[in-house]
Amino acid sequence: VQGDELWIAPGDLVPVEGILMRRVAEVSLDWITGESDHVAVEPGDRVPAGAFNATRHGFTVTAAEDFADSRLRDLLRTTTASDEEFRPRWWHLVSSWYVGAVLVAAAGGFALWAFRDVTMALKVTISILVVTCPCALGLATPLAEELVHHGLRRAGVFLRKHSFMEKALSVRKILLDKTGTLTMGHLALDDPSRAALAAMSSGDRTVLAHMTARSNHPVSVCLHEAARGTALEVCDFGPAGEALTETPGAGLELTLPGARWRLGRAAFALEDATDGERTVLARDGVEIASFGFAEQIKADAAGEVADLRDRGYDITLLSGDDQAKVDRAARALGLPPGKAEGGLSPEDKADRVRRLDDHDTLMVGDGLNASPSFEVALC
């Protein structure tokens, strides 16, 4: 209820939009935007419904709305459209007219012979029904559908609604969510960053691996996977090595004998530096290396997109991520800039689908943040 104070434990979702109380926190909006980047929030800031507590401590929010008005409730709502909304199917119409014609022909045959010979009239009627066999349509259609469903299931595709197969015949536009659908959903070092990591001393890489092993932030996870794959010194940092602190929205800090290490935004890691996009590793305020990150496009994504475009489908990329990342993904997939749009909330995506949909749009996504779009698309 609006005005209630809610305790959000580590790993919990914020059920309604709320105002953060008392302490700084960090949240992940992946349920909302589909992106893994964490966002720092200050006391007094609004935390959207569906945000995920990405800190190692709980925090309190004051509910700014009732759950009935919550975005999370909309994201969790299953699509209400039923198969019946797309009926009658064309084969149902054909079978209906066919069965009607057969029954008329059978009745006509009976009527023509009834006044001459009732026995012959029955034979004619039965012959018409047997030869035309209208019940075959009633058996053949569901059998064909089941065979198609079985084949798709063996290929790893499950159709939730039987109406999809006929709807798919009308599809001319395909709207693709980015993260998780076309990308791997986690970060990877770009080429300059891999070179910078290789140029670091073994001791510096050891400190980097030690720091990032103690953080669950997507950037830390990526750097740790990259650093631990290189030759490292065997170092025992002792109790000092466990005194790592993480500042939400800024970075990591570790004080070792003789040096203070920081990993994070430039304004946090360096002395007298302005903030920037790259992540910086610094010792006593002096830059050791900086890192940039790129999303990993699925190996077959570019080929599949190219194949769909060659078949005449109009492909559009939609994402909650910032426009620069979406443009990079579009270039990797071979899509023109005008066919990629970023910075969209789930409601914005649904609005784009609604505007583009002319009963010929397929929405493809991998999570709850795309569910409003699923609801308004043809399929």
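Residues numbered from 1 in each chain as written. Predicted model: local features only at pLDDT ≥ 70, side-chain atom pairs only at ≥ 80, totals over all residues. Heavy atoms only, no water.

**Points about the sheet that holds strand S12 (residues 259-265)**
Right, so step 1: One open sheet holds the five strands; their spatial order is S10-S11-S12-S13-S14, and the pairing between them is antiparallel. The open sheet terminates on both sides in strands that have one partner only, identified here as strand S10 (245-247) and strand S14 (286-291). Strand-to-strand, the axes of this sheet are offset by a mean angle of 15°, without reference to chain direction.
Right, so step 2: Where S10 lies against strand S11 (residues 251-256), three bridges are found, and the strand directions are antiparallel. Within S11, the residue paired with Glu246 across the bridge is Leu252. (Pairing = 2+ DSSP bridges. Helix = DSSP H or I, 4+ residues; strand = E, 2+ residues; numbered from the N terminus. Axes fitted to C-alpha atoms, helices over the stretch in contact; angles between N-to-C directions.)

**Here we look at the packing of aromatic side chains**
What characterises a pair of aromatic rings is the spacing of the ring centres plus the angle enclosed by the ring planes.
Right, so step 1: Going through the model one piece at a time under the given rule, you end up with zero aromatic pairs.
Right, so step 2: Sitting over the ring of Trp113, Arg116 keeps its end group 5.5 Å from the ring centre.
Right, so step 3: When the ring centre of Phe268 is taken as origin, the NZ or CZ atom of Arg262, which lies over that ring, is 4.4 Å away. (Phe/Tyr/Trp six-rings, centres within 6.5 Å; stacked < 30°, edge-to-face > 60°. Lys NZ or Arg CZ within 6 Å of the ring centre and 35° of its normal.)

**With respect to the confidence of the model for the chain**
Right, so step 1: Across the chain, pLDDT averages 78, with 82% of residues at or above 70.
Right, so step 2: Of the regions scoring below 50 in pLDDT, residues 78-88 engages in 17 contacts with residues more than four places distant in sequence or in other chains. (pLDDT = per-residue confidence, 0-100. Contact = heavy atoms within 4.5 Å.)

**Describing the packing of helix H8 (residues 202-212) against helix H9 (residues 218-227)**
Right, so step 1: Orientation of H8 relative to H9, taken along the N-to-C sense of each, is 140°, at an axis distance of 8 Å. In terms of orientation, H8 and H9 fall into the oblique class. Seen from above, H8 lies across H9 with left-handed handedness. Contact with H8, carried on its side by Arg205, Leu208, Ala209 and Thr212, involves Ser220, Leu223, His224 and Ala227 of H9 and no other residues of that element.
Right, so step 2: Taken together, the residues of the contact of H8 with H9 sort by class into four nonpolar, three polar and one charged. (Parallel < 35°, antiparallel > 145°, perpendicular 65-115°, else oblique. Left-handed = near helix turned anticlockwise from the far one by under 90°. Nonpolar A, V, L, I, M, F, W, Y, C, P; charged D, E, K, R; others polar.)

**With respect to the sheet that holds strand S5 (residues 46-47)**
Right, so step 1: Reading across from one edge, S1-S7-S2-S5 is the order of the four strands in this open sheet, with antiparallel pairing throughout. Here the strands that pair on one side only, and so sit at the sheet edges, are strand S1 (5-8) and S5.
Right, so step 2: Here four bridges tie S1 to strand S7 (residues 59-63), and the two strands are oriented antiparallel to one another. Bridge assignment links Leu6 to a residue of S7, and that residue is Val61.

**Overview of the pattern of salt bridges**
Opposite charge on two side chains permits pairing when their charged atoms draw close.
Right, so step 1: Enumeration over the complete set of coordinates arrives at 14 salt bridges.
Right, so step 2: Across the pair Asp191 and Arg194 runs a salt bridge, and its minimum N-O distance is 2.0 Å. Here Asp191 and its partner Arg194 are both found in helix H7 (residues 191-199), three residues apart, which amounts to about one turn of the helix.
Right, so step 3: Residue Arg194 is classed as partly exposed on the basis of its relative accessible area of 45%.
Right, so step 4: The salt bridge involving Glu341 is made with Arg352; its shortest N-O contact spans 2.8 Å. With a gap of eleven residues between them, Glu341 in strand S17 (residues 340-341) and Arg352 in helix H13 (residues 346-356) connect regions that are remote in the sequence.
Right, so step 5: Classification of Glu341 as partly exposed rests on a relative accessible area of 27%. (Salt bridge = Lys/Arg side-chain N within 4 Å of Asp/Glu carboxyl O. Buried < 20%, exposed > 50% of the residue type's maximum accessible area, 1.4 Å probe, protein only.)

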